[in-house]
Amino acid sequence: MNVPPMIGIDSLQVAFGHGAQRMVAVDGVSLRVADGECYGLVGESGSGKSTVLRAVSGLNPDWSGRVSIGGVEQAATRSKGFFKTCQMVFQDPYGSLHPRHSVDRILAEPVAIHGLDDADGRINRALREVGLGPSFRFRYPHQLSGGQRQRVAIARALILEPRVLLLDEPTSALDVSVQAEILNLLRRLRATYGLTMVLVSHNLAVVANLCDRLAVMNRGRLVEELTVEALRRGDARQPYTQQLLRASQGYDRATADSFRDFA
Amino acid sequence: MTSQTQSSSWRAWLTTDTPQSRAQARLGRAWVGWCAFRRNQLAMVGLLIVLALVVVAALAPLLAPHHPYDQDLANRLQPPTAGHWLGTDGFGRDILSRLIHGARLTLMIVALVALTAPVIGLVIGTVAGYRGGWVDAALMRVTDIFLAFPKLILALAFVAALGPGIENAVIAIAITSWPPYARLARAETLTIRHADFISAARLQGASGPRIVLGHIMPLCVASLVVRTTLDMAGVILTAAGLGFLGLGAQPPLPEWGAMIAAGRQNVLEQWWVAAMPGLAIFVVSLGFNLLGDGLRDVLDPKGD
């Protein structure tokens, strides 16, 4: 009980806009992720799940509440050391790689920023770990497929040897077969390095595949936290979660008619 | 036969999907760009004109049949003959030789402006676009102020303050021509500053200067190069205009605009004195425009 969680979030609130245009995107979210755990954040579009991730990663500095990573309380602006602990993989592999940088340059950059030695060895190791050979090293993103790009993005996140990996819908822009490859890769990396992961997804199957526990979000609030076993059993307490589970099993007219809005 | 296989193996090395080194990847990219550029015949004409200008400027003393300052008052205002291919001017100087030496001045003006104005504009535009907030507001208001001045009039004011001369003309042109580049660079920056790859760079701990220099500027450079090339015709014309007004290059320098000015008293009787430098300005401006159009097809990121 005395071990601090790897990720601790307390009454996180994120709002966009001012005055009458103010929109609260995340409202009082609290959660804990233990060291080595994989935690899923599930919800429909606009539920605020990605916003939570952007606040934790430091991309969005306008939030209130408390965020701690590795037992260290985080301010709105992060130190360089923070980025060595916590890295992120983005949803769209076509947008997350610089179109004019070669894979080599993309991977060399974080090494140079943090002044690490043996850039050459690190780049080759990182490429091997994500299942890309050294032949990919000097290619440009336009010479890679979507799955290969996402592997490069994962290699970029891993090259700093972080302890926390934030995943923002890492497979939703990919083909189903490639999705499975990326998920297997992530599971293997997690086992090898004991990574703590937070996975944001609207796909319950992806979350069930990778995570131990998950939280369901709706309209900026955390509706329910449950384990993956409970999810598999269909053991949800909240009506919103039950509806989400039904929706993920496919549609027929009766199911669709039974849906209601959860404000 | 062997040379053919050799050249095709070079091409395979350049266009391979699996380059083995940084240099090979970079050369391969350049080769693909060159292939796209070569398909545009008008752009090749533009490139040839610009290359010809460079060669003529570099070899001016060897190419010119006469010294550009050698006066021969007995042979003034001669029409084109075998001795003076393009005729002679009011002091009996060979117009062809003066044009050839004037290529050096034109190239110097073009190069100095191309090295200063777009660079100033790129720095101001990307910093304003990336930082946003009061930095953006301050830099862009300065840009607006410079944009509000008529270009040639502001250049005239600078030259009047600094004194006439070709260096001051270059400074005046550079100072008056950077604002459009700043606007262009800022607009490009705004479209990419929220891209995921910029967020990813921030999450690696990259500092603001590193992101602007390494991530944003490379994406703005392409459109700036195109814009600069297209603007070079205007720069040559502005320099010629300043020369024509007597505020650019001073006599006896063979600057093309000043040569037109010198020929304007006898433009009706001895047309070649003003027409030949005018033709040179026209050809070089056209060359830069054609080159710019071709570069736009190759470099503009919206194309791919």
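Calculation criteria
For every chain, the first residue of the written sequence is number 1, and numbering continues from 1 along that sequence. Chains and ligands are labelled sequentially in the order written, the chains with letters from A and the ligands with numbers from 1. The predicted nature of this model means local features are confined to residues of pLDDT at least 70 and side-chain atom pairs, given and counted, to a pLDDT of 80 or more, with totals for whole chains, interfaces and linings taken over all residues. Excluded from the side-chain calculations are hydrogens and water; all other atoms, namely the structure's heavy atoms, are used. Fitted lines through C-alpha atoms give the axes, limited to the stretch in contact for helices. The angle between two N-to-C directions lies from 0 to 180 degrees. Runs of E in the DSSP output that reach at least two residues are strands. Runs of H or I that reach at least four are helices, and both are numbered from the N terminus. Should an angle fall under 35 degrees it is taken as roughly parallel, and over 145 as roughly antiparallel, whereas 65 to 115 is taken as roughly perpendicular and any remaining angle as oblique. Any two residues having at least one pair of non-hydrogen atoms within 4.5 Å are treated as being in contact. Here the nonpolar group is Ala, Val, Leu, Ile, Met, Phe, Trp, Tyr, Cys and Pro; Asp, Glu, Lys and Arg are the charged ones; every other residue, Gly included, is treated as polar. The term disulfide is used for any two cysteine sulfur atoms that are within 2.5 Å. When DSSP finds two or more bridges between a pair of strands, those strands are recorded as paired.

**Section: the packing of helix α10 (residues 208-244) of chain B against helix α12 (residues 272-299) of chain B**
Residues and elements named next belong to chain B.
- For the pair α10 and α12, the least separation of the axes is 8 Å and the interaxial angle reads 170°. Classified by the interaxial angle, the pair formed by α10 and α12 is roughly antiparallel. Taking contact as the criterion, the partners of Ala222, Val225, Val226, Thr229, Leu230, Met232, Ala233, Ile236, Leu237 and Ala240 in α10 are, on α12, Ile281, Val284, Ser285, Phe288, Asn289, Leu291, Gly292, Asp293, Leu295, Arg296 and Leu299.
- Taken together, the residues that form the contact of α10 with α12 break down as 15 nonpolar, four polar and two charged.

**Comments concerning the state of the cysteines**
- Scanning the entire structure with this criterion turns up zero disulfides over all chains.
- With no disulfide partner, A:Cys86 has as its closest neighbouring cysteine sulfur the one in A:Cys38, 14 Å distant.

**Focus on the sheet that holds strand β8 (residues 196-201) of chain A**
All names here are of chain A.
- Pairing is mixed across the open sheet formed by six strands, whose spatial order is β6-β7-β8-β3-β9-β10. Each end of this open sheet is capped by a strand with a single partner; those strands are β6 (86-89) and β10 (221-227). The average angle at which neighbouring strand axes cross in this sheet is 20°, direction not considered.
- For strand β9 (residues 213-218) and β10, the ladder comprises six bridges, and the chain directions are antiparallel. Of the residues in β10, the one forming a bridge with Leu214 is Leu226.
- Across the face of the sheet, helix α9 (residues 239-248) comes into contact with β3 (38-43), β9 and β10 while running at roughly 105° to β9.

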